[in-house]
2 protein chains.
Amino acid sequence: MSQTPVAAPVRVRVDLGPRSYDILIGPGLLGEAGRHLAAALPGARALVVSDETVAGLHADRLLAALSEAGIAASLLTLPPGETTKSFDHLIAVVDRILAERLERGDAVVAFGGGVIGDLSGFAAGIARRGMHLIQVPTSLLAQVDSSVGGKTGINSPCGKNLVGVFHQPALVLADTDVLDTLSEREFRAGYAEVVKYGLIDRPDFFEWLERNRAAIFAGGAARVEAVAQSCRAKAAVVAGDEREDGDRALLNLGHTFGHALESVARYDPARLVHGEGVSIGMALAHRFSVRLGLCPGQDAGRAEAHLRAAGLPTRIQEIPGDGFTLDALMDRIAQDKKVSRGALTFILTRGLGQAFVARDVSPDALRDFLLDELRA
Amino acid sequence: MSQTPVAAPVRVRVDLGPRSYDILIGPGLLGEAGRHLAAALPGARALVVSDETVAGLHADRLLAALSEAGIAASLLTLPPGETTKSFDHLIAVVDRILAERLERGDAVVAFGGGVIGDLSGFAAGIARRGMHLIQVPTSLLAQVDSSVGGKTGINSPCGKNLVGVFHQPALVLADTDVLDTLSEREFRAGYAEVVKYGLIDRPDFFEWLERNRAAIFAGGAARVEAVAQSCRAKAAVVAGDEREDGDRALLNLGHTFGHALESVARYDPARLVHGEGVSIGMALAHRFSVRLGLCPGQDAGRAEAHLRAAGLPTRIQEIPGDGFTLDALMDRIAQDKKVSRGALTFILTRGLGQAFVARDVSPDALRDFLLDELRA
């Protein structure tokens, strides 16, 4: 772990009226967590929820920082991995919150990647009908996406994230030093979500990523900037549509395909992690848009080339193992939350940074497209 | 069941901006449910959640009304009783919603008393991160209290309603004919919540209740009026403070004591049902207010006399069985959601219809008061 001197963190505001909050981004923030938490929630006690991997690497430092600030805190450690996003573990977190007699004004601190953030955020949203939540995301994916915006949830046998609540955090602390402990594959997977913001509606950011990819992977100022720009992009969309009644759906670029792929791969991280599914899903969304005559082939090629340059997959065939039949994929897509009254809603694009919500995609056109992808 | 000709129902608006909705109150509404649901949520499908008792008496009529209006609906029947408000049954409802592939625009119809309303409301609040909810309350308690205002939840081993969400319904249909099938004891228990609105801040309504109690119990226009006035009272408080950050706490008059009594009685309905706990709790809140020199003894006596005239209990000793020790009660009160930073928050009163939120009640004064009550 690099010992970066503490500079003033970058501050991104998520503007949601009475539910507004700050995202702080920068190196060394873990050591300052107590001070920031005490400033946001004076007098609060805390339950830190983490997984065994993250807790083993970083919990001592976080708990010491909380203790230095006079915050009474305890730690609950769960198994790592997507299967932790279950009712069983949700009940375990809720029971612990209540057994510790934490009150509404106290805080649940979600200390980990997307799984821990989604699960503990959900627990914080339902214990005593809503307690304070502090997100301390430790993966790139969680820092740029899942910790911001208030979506929480668990998986169901019917699909991913099908059960949950909207529950905004009171504060997000994104320590960019912590990302040094991620594997290359985990970092790449998070990077897919960074690229997503460029592809949705920020072509300038996409071009900046094309020039700065190597520097972002290396760490330092470019990484902080990439996280901050991603959080600004997400904050802008969330502020305009907190509960996904409209344009927030743009954030699902690549996700309807991605969730279907993850489901067929049985959420087995040896085969496919979320960011990889999103990467393939974004490439599919671009190629599908080309096929529908909406997007120039050149733009789709450039999006795909950037994802490949980052070491990310862009084709279904790159996923190890089988099961990827047309019927399996169509079935998963039909069960996606983004379906409305039987019509398929997809995020499609008219070019780099020109994504839009397509509310009435023809199932036949989709079937033809997927059949060709599976044969390619 | 009386076959009342359908008159225009009384309409009470709950004003919550984009989450505003109507409560319709009147005889014969069950037969009109399909028409009202279709008007509120055009094109929606429905899952009706009920308990065995209510479903046995009334489900045919509700399902026929939905079918006549062209609404595709299925029925999920759960065991009656407070123990149904558990994670196990919550999961069962959520799984059924997802297995039926209901979408966000479809509706969960909570068809029963407070248990069914709280449980299915919670399920509707978390399935797909929030689906539409229609409340069709069948007990007096649910019609005047639990179906209105968006509080949903289940119980935990640590206490009642400690897990849940705020999730407002899209519509409440209160058929006052259905109350004819309640036992006298169930009706009385719901009546305690009616009296509560008078005691909080509507002394005129309390006096009207003193004059019309027998007519309300008999049914007809006075009953519709009592339900409507109660819903108006609750709607006004909820509109001012949706998430209980302030004055909504007034609705907890009698509830901190009541919940403690229910907990010690192990939620055994043979010993104590919720409304009876609230009745004793309100009497205790009034006597405690007298003891603290806040409330004239005459007003407390009049409140208690009205509850007794309705056949409701007002003293801890009236609850069958034992366990009501000072320590047991103080422990339950300390675990109540209304505790904030260790200080006890109680709803106390300065006289009939003059309740207020007391945020710093001395635990010593409470202990002395309860000791005398237990000895009395």
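Residues numbered from 1 in each chain as written. Chains lettered and ligands numbered in written order. Predicted model: local features only at pLDDT ≥ 70, side-chain atom pairs only at ≥ 80, totals over all residues. Heavy atoms only, no water.

**Here we look at the sheet that holds strand E9 (residues 171-175) of chain B**
All names here are of chain B. In spatial order, the strands read E1-E2-E9-E6-E5-E3-E4; together these seven strands make up an open sheet with mixed pairing. Each edge of the open sheet carries a strand with a single partner, namely strand E1 (10-14) and strand E4 (73-78). Across the sheet, the mean angle separating the axes of adjacent strands is 20° when strand polarity is ignored. Across six bridges, strand E5 (residues 107-112) lies against strand E6 (residues 132-137) in parallel orientation. For Val 109, the partnering residue across the bridge sits in E6 and is Ile 134. The strands that helix H2 (residues 52-68) touches are strand E3 (46-51), E4, E5 and E9; relative to E3, the one it contacts most, it runs at about 155°. (Pairing = 2+ DSSP bridges. Helix = DSSP H or I, 4+ residues; strand = E, 2+ residues; numbered from the N terminus. Axes fitted to C-alpha atoms, helices over the stretch in contact; angles between N-to-C directions. Contact = heavy atoms within 4.5 Å.)

**Here's the deal with the domain arrangement of chain A**
All names here are of chain A. Here the domain parsing of chain A yields domain 1 (10-182) and domain 2 (195-375). Inter-centroid distance (C-alpha atoms) of domain 1 to domain 2 is 26 Å. In this assembly, 31 residues from domain 1 lie in contact with 26 residues from domain 2. The largest contributions to the domain 1 side of the interface with domain 2 come from Val 144, Lys 160 and Phe 166, which together make up 24% of the buried area. Inspection of the region where domain 1 meets domain 2 yields five salt bridges. For the pair domain 1 and domain 2, the number of links is 12 residue pairs in polar contact (both at pLDDT 80 or more). (Domains from an automatic or database assignment. Buried area = accessible area lost by both parts, 1.4 Å probe. Salt bridge = Lys/Arg side-chain N within 4 Å of Asp/Glu carboxyl O. Polar contact = N/O pair within 3.5 Å; in protein donor to acceptor, adjacent residues only side chain to side chain.)

**Digging into the packing of aromatic side chains**
Aromatic ring pairs: the centre-centre distance and the angle between the two ring planes describe each pair. Under the counting rule described, the total for this entry stands at 16 aromatic pairs over all chains. Centre to centre, the rings of Phe288(B) and Phe369(B) are 4.8 Å apart; their planes meet at 25°, and the pair counts as stacked. Taken together, the residues span a long stretch of sequence, with Phe288(B) in helix H10 (residues 274-291) and Phe369(B) in helix H13 (residues 363-375) at a distance of 81 residues. Using a relative accessible area of 3% as the deciding quantity, one classes Phe369(B) as buried. Grouping aromatic residues by their ring pairs yields a cluster made of Phe257(A), Phe288(A), Phe346(A) and Phe369(A). One Lys or Arg, Arg350(A), reaches over the ring of Phe356(A) and ends 3.8 Å from the middle of that ring. For Lys196(B), the ring lying beneath its charged end belongs to Tyr197(B), and the centroid distance is 5.3 Å. (Phe/Tyr/Trp six-rings, centres within 6.5 Å; stacked < 30°, edge-to-face > 60°. Buried < 20%, exposed > 50% of the residue type's maximum accessible area, 1.4 Å probe, protein only. Lys NZ or Arg CZ within 6 Å of the ring centre and 35° of its normal.)

**Things to note about the interface of chain B and chain A**
Contact residues are listed per partner, giving 41 residues for chain B and 41 residues for chain A. For the pair chain B and chain A, the summed buried surface comes to about 3400 Å²; carbon and sulfur atoms form 48% of the total. At the boundary of chain B and chain A, one finds two salt bridges. For Arg101(B), the salt bridge is made with Asp331(A), and the minimal N-O distance between the two is 3.4 Å. At the junction of chain B with chain A, the criterion picks out eight residue pairs in polar contact (both at pLDDT 80 or more). For the side of chain B that touches chain A, the secondary structure elements donating two or more residues are helix H3 (87-99), helix H4 (114-126), strand E8 (159-163) and helix H12 (326-334) of chain B. Here the side of chain B that touches chain A takes six residues from H3(B), the largest share from any one element. In terms of residue class, the side of chain B that touches chain A is built from 18 nonpolar, 10 polar and 13 charged. (Nonpolar A, V, L, I, M, F, W, Y, C, P; charged D, E, K, R; others polar.)

**Digging into the packing of helix H7 (residues 203-218) of chain A against helix H8 (residues 221-240) of chain A**
Residues and elements named next belong to chain A. The contact between H7 and H8 brings their axes to 8 Å, and the two run at 135°. The orientation of H7 with respect to H8, classified from their angle, is oblique. Crossing of H7 over H8 shows left-handed handedness. Across from Phe 205, Trp 208, Ala 215, Ile 216, Phe 217 and Ala 218 in H7, the residues of H8 making contact are Ala 222, Arg 223, Glu 225, Ala 226, Gln 229 and Ser 230. In the contact of H7 with H8, the residues fall into eight nonpolar, two polar and two charged. (Parallel < 35°, antiparallel > 145°, perpendicular 65-115°, else oblique. Left-handed = near helix turned anticlockwise from the far one by under 90°.)

**Comments concerning the pairing of strand E3 (residues 46-51) of chain A**
Residues and elements named next belong to chain A. With respect to burial, E3 is a largely interior element, six of its six residues being buried. Side chains of E3 alternate between two faces, with Ala 46, Val 48 and Ser 50 and Leu 47, Val 49 and Asp 51 buried alike. Of the pairings in the sheet, the one linking E3 to strand E4 (residues 73-78) comprises six bridges and is parallel in character. Each residue of the ladder has a partner; that of Ser 50, found in E4, is Thr 77. A crossover links E3 with its parallel partner E4, the connecting element being helix H2 (residues 52-68), and its sense is right-handed. By the bridge criterion, five bridges tie E3 to strand E5 (residues 107-112) in an arrangement that is parallel. In the strand pairing of E5, Val 48 is matched with Val 109. (Right-handed = clockwise from strand over helix to strand, strands pointing away.)

**Quick look at the side chain of Asp22(B)**
Residues and elements named next belong to chain B. Topologically, Asp 22 is positioned in strand E2 (residues 21-26). Among the polar contacts made by the side chain of Asp 22, one reaches the side chain of Arg 11 at a distance of 2.8 Å. There is a polar contact of 3.2 Å between the side chain of Asp 22 and the side chain of Arg 13. Excluding anything up to four places from it in sequence, Asp 22 contacts Arg 11, Val 12, Arg 13, Leu 171 and Val 172.

**Considering the pairing of E5(B)**
Residue and element names in this part refer to chain B. In terms of residue burial, E5 counts as a mostly covered element, since six of its six residues are buried. Here E5 shows a buried face lined by Ala 107, Val 109 and Phe 111 and a second buried face lined by Val 108, Ala 110 and Gly 112. Chirality of the crossover, the property in question, places the unit of E5, H4 and E6 among those that are right-handed.

**Some remarks on the packing of helix H12 (residues 326-334) of chain A against helix H13 (residues 363-375) of chain A**
Residues and elements named next belong to chain A. Running from N to C, H12 and H13 cross one another at 135°; their axes reach a closest spacing of 10 Å. Here H13 runs oblique to H12, going by the angle between their axes. You can see that H12 and H13 cross each other, and the crossing is right-handed. Only Pro 363, Leu 366, Arg 367, Leu 370, Leu 371 and Leu 374 of H13 make contact with H12, whose side of the interface consists of Leu 326, Leu 329, Met 330 and Ile 333. Classifying every residue of the contact of H12 with H13 gives nine nonpolar, no polar and one charged.

**Describing the side chain of Ser289(B)**
Residues and elements named next belong to chain B. Following the sequence through the fold, Ser 289 ends up in helix H10. Judged by relative accessible area, which is 0%, Ser 289 ranks as buried. Beyond its immediate sequence surroundings of up to four residues, Ser 289 is in contact with Leu 294, Cys 295, Leu 348 and Thr 349.

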